[in-house]
Amino acid sequence: MKARVTVYPRREILDPQGKAIRDALSRVGFPDVEDVRAGKSFEIKLSTDDPDRANRELREMCEKLLANTVVEDYSVELLS
Amino acid sequence: MKAGVVVFPGSNCDHDAYHVLKHVVEQDVTFLWHQDEDLQGCDLVVIPGGFSYGDYLRAGAVASLSPVMSAVKRHAEAGGLVLGICNGFQILLEAGLLPGAMRRNQNLRFQCRDVFLRVERNDLPFTRHFEVGQILRMPIAHAEGNYEDSHEKLDRLEAARQVVFRYVAPDGSPAVSGDLGAQWNPNGSARAIAGICNEGGNVLGMMPHPERCSEEILGNTDGLGLFQSLVESGVGVLQ
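Residues numbered from 1 in each chain as written. Chains lettered and ligands numbered in written order. Predicted model: local features only at pLDDT ≥ 70, side-chain atom pairs only at ≥ 80, totals over all residues.

1. Structural notes on the overall build of chain A
Phase 1 of the analysis: Regarding its fold elements, chain A presents two helices and three strands.
Phase 2 of the analysis: For 80 residues, the compact-globule formula gives about 12 Å, and the C-alpha radius of gyration of chain A, at 15 Å, lies well above that figure.
Phase 3 of the analysis: Along the longest, intermediate and shortest principal axes, the C-alpha atoms of chain A span 45 × 25 × 15 Å.
Phase 4 of the analysis: Looking at chain A as a whole, 15% of its 80 residues qualify as buried.
Phase 5 of the analysis: When contacts within chain A are restricted to residue pairs at least 6 apart in sequence, long-range pairs at least 24 apart make up 66% of them. (Helix = DSSP H or I, 4+ residues; strand = E, 2+ residues; numbered from the N terminus. Rg over C-alpha atoms; globule rule 2.2 N^0.38 Å. Buried ≥ 20, exposed ≤ 12 C-beta atoms within 10 Å, placed from the backbone. Contact = placed C-beta atoms within 7 Å.)

2. Things to note about the overall build of chain B
Phase 1 of the analysis: What chain B contains, in helices and strands, is six helices and 11 strands.
Phase 2 of the analysis: Compactness check: chain B gives a C-alpha radius of gyration of 16 Å against a globular reference of 18 Å for 239 residues, within 12% of the reference.
Phase 3 of the analysis: Overall, chain B is about 50 × 35 × 35 Å in size when its C-alpha atoms are taken along their principal axes.
Phase 4 of the analysis: Within chain B, the proportion of its 239 residues that are buried is 54%.
Phase 5 of the analysis: Partitioning the contacts of chain B with sequence separation of at least 6, the portion at a separation of at least 24 is 75%.

3. Brief notes about the nonpolar core
Phase 1 of the analysis: Val-5, Val-6, Leu-44, Val-45, Val-46, Leu-92 and Leu-117 of chain B are the most contacted members of the largest nonpolar core, which totals 77 residues.
Phase 2 of the analysis: Among all residues touching Leu-92 of chain B, those that are not within four sequence positions of it are Ile-47, Gly-84, Leu-97, Leu-98, Val-203 and Gly-205 of chain B.
Phase 3 of the analysis: Leu-58, Cys-62, Leu-66 and Tyr-74 of chain A belong to the second largest nonpolar core, which has six residues in total. (Core = buried A, V, L, I, M, F, W, Y, C linked by C-beta atoms within 7 Å.)

4. Re unusual backbone geometry
Residues and elements named next belong to chain B.
Phase 1 of the analysis: Of note, Cys-86 is a non-glycine position whose phi angle comes to about 60°, a positive value.
Phase 2 of the analysis: Within the secondary structure, Cys-86 is located in the loop between β4 (81–85) and α3 (87–94).
Phase 3 of the analysis: The class for Cys-86 is buried, based on 29 C-beta atoms found within 10 Å.
Phase 4 of the analysis: At Ala-192, a residue that is not glycine, the phi angle is positive and equals roughly 55°.
Phase 5 of the analysis: By the secondary structure assignment, Ala-192 is in the loop between α5 (178–184) and β10 (193–197).

5. Structural notes on the pairing of strand β1 (residues 2–9) of chain A
Working note: regular strand, side chains alternate between the two faces of the sheet.
All names here are of chain A.
Phase 1 of the analysis: The pairing of β1 with strand β2 (residues 40–45) spans six bridges and is classified as antiparallel. Of the residues in β2, the one forming a bridge with Lys-2 is Lys-45.
Phase 2 of the analysis: Relative to strand β3 (residues 72–78), β1 runs antiparallel, the two sharing seven bridges. The residue of β3 that forms the bridge with Tyr-8 is Asp-73. (Pairing = 2+ DSSP bridges.)

6. What about the sheet that holds strand β9 (residues 163–168) of chain B?
All names here are of chain B.
Phase 1 of the analysis: As summarised here, the arrangement of the nine strands in space is β2-β1-β3-β4-β11-β10-β9-β6-β7, forming an open sheet in which the pairing is mixed. Edge positions in the open sheet fall to β2 (28–33) and β7 (135–142), since each of these has one partner strand only. Neighbour-to-neighbour, the strand axes of the sheet open up by a mean angle of 25°, direction not taken into account.
Phase 2 of the analysis: The sheet contact formed by strand β6 (residues 111–119) and β9 spans four bridges and is antiparallel. Of the residues in β9, the one forming a bridge with Val-119 is Phe-165.
Phase 3 of the analysis: Contacts between helix α2 (residues 67–77) and the sheet are confined to β1 (2–7), β2, β3 (44–47), β4 and β11 (203–206), with β4 contributing the most and set at about 130° to the helix. (Axes fitted to C-alpha atoms, helices over the stretch in contact; angles between N-to-C directions.)

7. Some remarks on the environment of Val-7 of chain B
Residues and elements named next belong to chain B.
Phase 1 of the analysis: Relative to the assigned elements, Val-7 resides in strand β1.
Phase 2 of the analysis: Each C-alpha atom of the pair Val-7 and His-34 lies 5.8 Å from the other, and the pair is 27 residues apart in sequence.
Phase 3 of the analysis: Every residue in contact with Val-7, bar those within four places of it in the chain, is listed here: Asp-14, Phe-31, Leu-32, Trp-33 and His-34.

8. Considerations on the confidence of the model for chain B
Phase 1 of the analysis: Of the residues in chain B, 98% reach a pLDDT of 70 or more, and the chain-wide mean stands at 95.
Phase 2 of the analysis: As a predicted assembly, this complex carries a pTM of 0.93 together with an ipTM value of 0.84. (pLDDT = per-residue confidence, 0-100.)

9. Notes on the environment of Glu-144 of chain B
Residue and element names in this part refer to chain B.
Phase 1 of the analysis: Mapped onto the secondary structure, Glu-144 falls in the loop between β7 and β8 (146–148).
Phase 2 of the analysis: Through-space distance from the C-alpha of Glu-144 to that of Asn-187 is 7.6 Å; in sequence the pair is 43 residues apart.
Phase 3 of the analysis: Leaving out residues up to four positions away in the same chain, Glu-144 has contacts with Ala-59, Gln-90, Met-102, Arg-103, Arg-104 and Asn-105.

As structure tokens, then:
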């Protein structure tokens, strides 16, 4: 089973990278861009086929390592 | 006092910390490997600066899960002294030994320069050689020193007097906002925080490098007081 985990800065926390990217986008001709959050994406291959178990483990991975929940949020998506 | 300096793959200030402890303040000191689970009876554990595990994922994230950190956690819970400098501070945050987290510097640049710090308290084993309000000049060298936490948690940190060092202008003026903030808070850190301790006061994390300014030959000895404080405290523990 494959999954995608996305980790991004929490809304209430200033994201210096996202802000720099937003400014650069508006400089190269995309004035409609209001906000950018720059995060990370992980593609994870699991040996289990049980979606409940996969979901539970992926969330645990985020809490323990993949995200720092003081400043980051995460989402988990099962792909197949 | 016996001190241990932890070595991770990618640590690069481990020898500097070892040198100051061994040759400047003349203490018993040993290196501790990241795979070690035994702290060899050290009174003080130093988590040095560097780029442990290449800063992969987040600065300090992978190092915080290494075997030696379980031993460091037990040492800290038992009241043992732990000092984290730069990447060491980031590791202590990721390990949950100190509250909050680091973000990328606000201006997105690696900052390598001298900064000025105000000592906020001198009743800690790390700061007893300083005066409250004393201004120290120390070098920094980091890209992720922008300390963050929620407003409520920052308020709690302040109320519990856990802010130990704060970035200020050379004359001691606050560098929290405005022009002075932009100039003298090098990374956009919340409330100009440069170093914090845990509630018990036995774990200190700081972004500036006291081990790089503890000898006359380096042109600055403002960091020496921190190591002298530790020597006094460490001896006290042994007695």
